[in-house]
Amino acid sequence: VLPIHAKDFEVSQKDKKFSQKTLAIKVGDSINFKNEDPFAHNIFSLSDTKTFDLGSYPQGQSKNVVFDKPGTVEVECAIHPDMKLNVEVKK
């Protein structure tokens with residue numbers, strides 16, 4: 001049996017938007033949230049499946065989150081409430 005390799009996805013923030021609105025990943029995969037805007041973003045989720053708060057970080061920086069449970073994760077930006085990303089984490 002070959003080991004299952006987790007994938008690393010990149011979702012950037014540009015023009016006060018996530019580079020995609022939805023993303024389907026698997027348990028163990030991670031998302032790299034890259035800020036490409038000339039101002040800070042604070043990416044977070046209050047979802048039961050995965051709760052996190054990456055704090056505020058500037059242009060050019062990335063923060064990584066590993067998704068370790070199946071379910072739906074709603075990701076938002078604390079500074080820009082219109083920014084939303086739905087992550088479907090599958091087994």
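Residues numbered from 1 in each chain as written. Predicted model: local features only at pLDDT ≥ 70, side-chain atom pairs only at ≥ 80, totals over all residues. Heavy atoms only, no water.

*Asks:* Just checking my understanding: could you explain the sheet that holds strand 2 (residues 17-18) for this structure?
*Replies:* Pairing between the strands of a sheet comes from backbone hydrogen bonds, and it takes one of two forms, parallel or antiparallel. Taken in spatial order, the four strands make up an open sheet running 2-1-4-7, and their pairing is mixed. Taken across any chain shown, the strands that pair with only one partner, and hence form the sheet edges, are strand 2 and strand 7 (62-66). Examined bridge by bridge, strand 1 (residues 8-14) and strand 4 (residues 30-35) share six bridges and lie parallel to one another. Looking across to strand 4, one finds that Asp8 is bridged to Ser30. (Pairing = 2+ DSSP bridges. Helix = DSSP H or I, 4+ residues; strand = E, 2+ residues; numbered from the N terminus.)

*Asks:* Help me out: how do you make sense of the packing of aromatic side chains in this one?
*Replies:* Two descriptors summarise a pair of aromatic rings, namely the distance from one centre to the other and the angle between the planes of the rings. Counted by the stated rule, this structure contains three aromatic pairs. Ring plane angle 90° and centroid distance 6.1 Å describe the contact between Phe52 and Phe67, whose orientation is recorded as edge-to-face. Separated by 15 residues along the polypeptide, Phe52 in strand 6 (residues 51-57) and Phe67 in the loop between strand 7 and strand 8 (71-77) bring together distant segments of the chain. Phe67 matches Phe52 in its accessibility class, with the two residues each being buried. A connected cluster of aromatic rings, assembled from ring pairs, spans Phe18, Phe33, Phe52 and Phe67. Residue placement shows Lys16 over the ring face of Phe39; its charged tip is 5.8 Å from the ring centre. (Phe/Tyr/Trp six-rings, centres within 6.5 Å; stacked < 30°, edge-to-face > 60°. Buried < 20%, exposed > 50% of the residue type's maximum accessible area, 1.4 Å probe, protein only. Lys NZ or Arg CZ within 6 Å of the ring centre and 35° of its normal.)

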